[in-house]
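So you can see what is in the structure, the chains are spelled out below.
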Amino acid sequence: MENQLVLVLDFGGQYNQLITRRVRECGVYCEIVRYTTPLTEILKKKPVGIIFTGGPNSVTDENAPHIDPGIFSCGVPILGICYGCQLMAYTLGGSVVPCETSEYGKTQTIYDKSNVLFQAEELPETAISWMSHTDYISEVPEGFSIIAHTEDCPTAAMACPERKLYAVQFHPEVNHTEHGLTILNQFLKEVCGCVGDWTMENYAKLAIQQIREKVGDGRVLLALSGGVDSSVCAALLSKAVGKKHTCIFVDHGFLRKNEGDEVEAAFHGQDIQFIRVNAKAVFMEKLNGISDPETKRKVIGEEFIRAFERESKKLGTVDFLAQGTIYPDVIESGSGDAAVIKSHHNVGGLPDYVDFQEIIEPLRLLFKDEVRQLGIELGLPGHLVWRQPFPGPGLAIRIIGEITDEKLQILQDADWIFREEISKAGLDREIHQYFAVLTNMRSVGVMGDGRTYDYTVALRGVMTTDFMTADFAKIPYEVLEIVSARIVNEVKNVNRVVYDITTKPPATIEWE
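Residues numbered from 1 in each chain as written. Predicted model: local features only at pLDDT ≥ 70, side-chain atom pairs only at ≥ 80, totals over all residues. Heavy atoms only, no water.

Would you mind going over the pattern of salt bridges with me for this structure?
Close approach of charged atoms lets side chains of opposite charge pair. Evaluated as defined, the whole model comprises 29 salt bridges. Glu421 is the salt-bridge partner of Lys424, the closest N and O atoms lying 3.5 Å from each other. In this pair, Lys424 and Glu421 both sit in helix α13 (residues 405-424), 3 residues apart, roughly one turn of the helix. Lys424 sits in the exposed class, given a relative accessible area of 59%. We note a salt bridge from Glu421 to Arg486, for which the minimum N-O separation is 2.7 Å. You can see Glu421 sitting in helix α13 and its partner Arg486 sitting in helix α14 (residues 477-490), a full 65 residues away along the chain. Here Glu421 matches Arg486 in class, with each residue buried. (Salt bridge = Lys/Arg side-chain N within 4 Å of Asp/Glu carboxyl O. Helix = DSSP H or I, 4+ residues; strand = E, 2+ residues; numbered from the N terminus. Buried < 20%, exposed > 50% of the residue type's maximum accessible area, 1.4 Å probe, protein only.)

So what exactly am I meant to see when it comes to helix α5 (residues 200-215) here?
Given 3.6 residues per helical turn, the α-helix brings residues three or four places apart onto the same face. The terminal C-alpha atoms of α5 lie 22 Å apart, and with 16 residues this matches the ideal 22 Å at 1.5 Å per residue to within 8%. Along α5, the positions that sit buried rather than exposed are Met200, Tyr203, Ala204, Ala207, Ile208, Ile211 and Val215. End-on, the buried residues of α5 take up no more than an arc of 130°, which puts them together on one face. Seen from the buried face of α5, the exposed residues on the opposite side, beyond 90 degrees, are Lys205 and Glu213. (Expected span 1.5 Å × (residues − 1). Arc of directions from axis to C-beta.)

Any chance you could explain the sheet that holds strand β14 (residues 358-360) here in plain terms?
Hydrogen bonding along the main chain pairs the strands of a sheet, whether they run parallel or antiparallel. With respect to topology, 5 strands assemble into an open sheet ordered β12-β11-β10-β13-β14, the strand pairing being parallel. With one partner strand each, in any of the chains shown, β12 (273-278) and β14 form the two edges of the open sheet. Between one strand and the next, the sheet's axes are offset by a mean angle of 25°, whatever the strand orientation. The pairing of strand β13 (residues 320-322) with β14 spans 3 bridges and is classified as parallel. Residue Phe320 lies in a different strand from β14, and its bridge partner there is Glu358. α5 rests against β10 (220-224), β13 and β14 of the sheet, and its axis sits at about 160° to β14. The strands that helix α6 (residues 228-241) touches are β10, β11 (245-251) and β13; relative to β10, the one it contacts most, it runs at about 155°. (Pairing = 2+ DSSP bridges. Axes fitted to C-alpha atoms, helices over the stretch in contact; angles between N-to-C directions. Contact = heavy atoms within 4.5 Å.)

Would you mind showing me how to read the state of the cysteines here?
Among covalent bonds in proteins, the disulfide is the one between the sulfur atoms of two cysteines. With the rule as written, the count across this model stands at 0 disulfides. As a non-bridged cysteine, Cys233 has Cys247 as the owner of its nearest cysteine sulfur, 7.9 Å distant. What makes Cys233 buried here is its relative accessible area of 0%. (Disulfide = S-S within 2.5 Å.)

Would you explain the packing of aromatic side chains in this entry?
For any pair of aromatic rings, geometry is given as the distance between the ring centres together with the angle between the planes. Under the definition given, this model contains 14 aromatic pairs. Pairing Phe267 with Phe274 gives two aromatic rings, centres 5.9 Å apart and planes at 15°, and the pair type is stacked. The class of Phe274 is partly exposed, set by a relative accessible area of 21%. Taken together, a centroid distance of 6.0 Å and an interplanar angle of 80° make the contact between Phe418 and Tyr434 edge-to-face. One end of the pair, Phe418, is in helix α13; the other, Tyr434, is in strand β15 (residues 433-447), and 16 residues separate them in sequence. Taken individually, Phe418 and Tyr434 each receive the classification buried, so the pair is uniform in this respect. By way of ring pairs, the aromatic residues Phe11, Tyr35, Phe52, Phe72 and Tyr83 are connected into one cluster. One Lys or Arg, Arg398, reaches over the ring of Phe435 and ends 3.9 Å from the middle of that ring. Positioned over the ring face of Phe472 is Lys474, at 4.1 Å from the centre of the ring. (Phe/Tyr/Trp six-rings, centres within 6.5 Å; stacked < 30°, edge-to-face > 60°. Lys NZ or Arg CZ within 6 Å of the ring centre and 35° of its normal.)

Is there a simple way to think about the nonpolar core in this case?
Membership of the largest hydrophobic core comes to 114 residues, with the highest contact counts inside it found for Leu9, Ile71, Phe267, Leu374 and Ile475. Here this core gets 9 residues from one element, more than from any other, and that element is α6. Once you skip the residues sitting within four places of it in the chain, Ile475 turns out to touch Phe418, Ile422, Leu427, Ile431, Leu480 and Tyr499. Counting residues in hydrophobic clusters, the runner-up holds 37 residues, among them Val8, Val23, Ile81 and Ala156. (Core = buried A, V, L, I, M, F, W, Y, C linked by side-chain atoms within 4.5 Å.)

Hey, could you run me through the packing of α13 against α14 in this one?
Pairs of packed helices are described in terms of their axes, by the angle between the two and the distance that separates them. In the contact formed by α13 and α14, the axes pass within 9 Å of each other and the chain directions differ by 150°. Classified by the angle their axes make, α13 and α14 are roughly antiparallel. Taken as a pair, α13 and α14 cross one another with a handedness that is right-handed. Contact residues: Ala414, Ile417, Phe418, Glu420, Glu421, Ile422 and Lys424 in α13; Val479, Ile482, Val483, Arg486, Ile487 and Glu490 in α14. Residue composition of the contact of α13 with α14, grouped by class: 8 nonpolar, no polar and 5 charged. (Parallel < 35°, antiparallel > 145°, perpendicular 65-115°, else oblique. Left-handed = near helix turned anticlockwise from the far one by under 90°. Nonpolar A, V, L, I, M, F, W, Y, C, P; charged D, E, K, R; others polar.)

See below:
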């Protein structure tokens, strides 16, 4: 059984993925397509609703993106947001002109509670919405009525219920808009008739069935990093095809404390062929004397492929290669349906002796938060499902300068303490990424009335939604105090702890 589908038509808005995620939060499956997609292709997908995103253009500009007017007569409910709102008005004969006073940010908005978009009990007549526009609708198209306004914007929302056409000048998808998710839910449930059939329980059942049908008697290979995406992918494949699926987990030795063992334990006893390659000695040898971070990355990436290659040769013919590709990867690549990997195609540096019939990407429809939900549904332990974002080279690029066994042990112990105390304080789900860095700096200290000359550990915690920009996390002083005291007392060769309070930009989240 296929899920009901809502399409988000992307006009270049910065919140296109966010709109899609919010729709899915309402239990409705949603996909993004370009505004240039022909109307025939849009209708072929049989959407129960369509949402126009915002965009950076003015609809009156000569080169502004426009849409086939026929979309407004196809009978599918449409919600226009920001640019999408103005595009609907402009295309259907309304008037869009420059604002006398532009609106940016939080704006007091008055709603017409008689309209279906705003009829939810929890939505008051006046609430804050998030605006970002320099044009406004001065005259609505024939058949439309104004259903919301602000002090400076006479048309904050409009509607033509007979044609199931609705539009809002503000952004209901952002958290700054009070009850924004409620407004979206009203459109989806009350206008589009969505029943909310998008759940990870249903998705898991469907994905398992589809994988079984595709694989048949074939064999599947997955390179398991231990990250959230690959771990959930492995669990899903295990449920679907069992021992026809082989996971190769290359442990380069730069994982966090006990993490390699935790990954292995998570898949122990499952119906799966799990191969752990303990390759720390080889990686350490390859990195001997290397301090430059970019060189570290290249050496680790190359050796990871070689380690995977050495183990893969033992398996013989493999029919399918599995990848933990998720929906943001698909969107950002600009690709449509997944490309088929033909025989002897070199995938991401994998050796060409592996004969793949096809690539399997069972998570390619999911956002990261949905992947985590699916992991819980499949019974993966919380420490894997809620694993912090972690770079491929691991702690190797959180050790400034040359890597040694001593430095690696110091960082693993310090990072463990930091993460443990953050968890004890109940902040592990609130801070988007947090970790320790072993700097290459030594400084004078005093311990037991004696002089020390030891390493400085830097702590980093950030708050972010997209990891493109980030603010430092305001971790309470009392938590930092406990972390600092524990590190200098429990970790050998550390006598100083500092906290990084730099935003991104100008800094990056990682130090190297």
